[in-house]
Every structure is written in C-alpha cells, then in structure tokens.
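# Coordinate analysis (summary)
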Amino acid sequence: QVQLVESGGGLVQPGGSLSLSCAASDSIFRFTSMGWYRQTPGKEREFAAAISSGITNYAESVKGRFTISRDNPKNTVYLQMNSLKPEDTAVYYCYAAELGRGYWGQGTQVTVSS
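Residues numbered from 1 in each chain as written. Predicted model: local features only at pLDDT ≥ 70, side-chain atom pairs only at ≥ 80, totals over all residues. Heavy atoms only, no water.

### Re the side chain of Glu6
Within the secondary structure, Glu6 is located in strand E1 (residues 4-7). Buried within the structure, Glu6 lacks any salt-bridge partner; its nearest side chain of opposite charge belongs to Arg45, at an N-O separation of 7.4 Å. For Glu6, the side chain forms a polar contact with the main-chain nitrogen of Cys94, separated by 2.7 Å. Within the local environment of Glu6, its side chain forms a polar contact with the backbone nitrogen of Gly107, the two atoms lying 2.9 Å apart. Residues within four places of Glu6 in sequence aside, it is in contact with Ser21, Cys22, Trp36, Tyr92, Tyr93, Cys94, Gly105, Gln106, Gly107 and Thr108. (Helix = DSSP H or I, 4+ residues; strand = E, 2+ residues; numbered from the N terminus. Buried < 20%, exposed > 50% of the residue type's maximum accessible area, 1.4 Å probe, protein only. Lys, Arg positive; Asp, Glu negative; His and termini not counted. Salt bridge = Lys/Arg side-chain N within 4 Å of Asp/Glu carboxyl O. Polar contact = N/O pair within 3.5 Å; in protein donor to acceptor, adjacent residues only side chain to side chain. Contact = heavy atoms within 4.5 Å.)

### Topic: the nonpolar core
In this structure, Leu4, Met34, Trp36, Leu79, Met81 and Tyr92 are the most contacted members of the largest nonpolar core, which totals 29 residues. Secondary-structure elements contributing two or more residues to this core are strand E3 (18-24), strand E4 (33-39), strand E5 (46-52), strand E7 (66-71), strand E8 (76-81), strand E9 (90-98) and strand E11 (108-112). Contacts of Met34, omitting those with residues within four sequence positions, involve Leu4, Cys22, Ile28, Ala50, Ile51, Ile68, Val77, Cys94, Tyr95 and Ala96. (Core = buried A, V, L, I, M, F, W, Y, C linked by side-chain atoms within 4.5 Å.)

### Quick notes on the pairing of E11
Along E11, the buried face is formed by Thr108, Val110 and Val112; none of Gln109 and Thr111, which line the opposite face, is buried. Examined bridge by bridge, strand E2 (residues 10-12) and E11 share 3 bridges and lie parallel to one another. Following the sheet pairing, Val12 is matched in E11 by Val112. (Pairing = 2+ DSSP bridges.)

The structure is reproduced here in structure tokens:
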C-alpha cells in the first residue's frame, strides 16, 4: 500500500522557519490531492494546506506564512513554514488522496517555543 513519510519537524523559536517534507513510496501523479493537516493533544486534526492540479489551498490561520509545493520526480510534497507562532505547535500529518481512497503519514512534531 501507499506509504507517506514526513520529515523536517523540530524545535524552532517564534518567528523562525521550518520546512517539512512528505515522501511517497510511489509516483505522486496518482494522487488527485496532497496536503498537510495538524493536530495538538485534545484537539481534532485540522486542515493546514493542500495542493491539487497545481492549485493551492490554505487554512486562514496559516495563509501568507505557509507554502505548499511538490516535486513530482522526487515523489515529495513540501510545506515551507515561515513566521512561525507558538500556536503552530502540533504534529503535522501528510495526506494523499486518490479516487475513493486516502492515505495518512505517521506525522512529524513541530514545536514553536522560546
């Protein structure tokens, strides 16, 4: 089955930047959409960013600060996060969708703290 592996999480100070990667086991051409969700303890997983057919979509909370992109030859989707805030602290999950099915990565921890 499809595997999605996130990397790039870590500890960063407020105002700093971090870049996340999501590597897929197979060509990402098969996916109609890929994106990033995030979740903090006690809260529901929430949408952060997605890309579909070259069109990007962002949650209002991250718009203007986060950028999602993909590199098809590398089978990888990225999330560039700038101007990070403490409220961005969460486990970030990669998501990929094809017709009738979706897949999740295991997540990578992002902590924004001084």
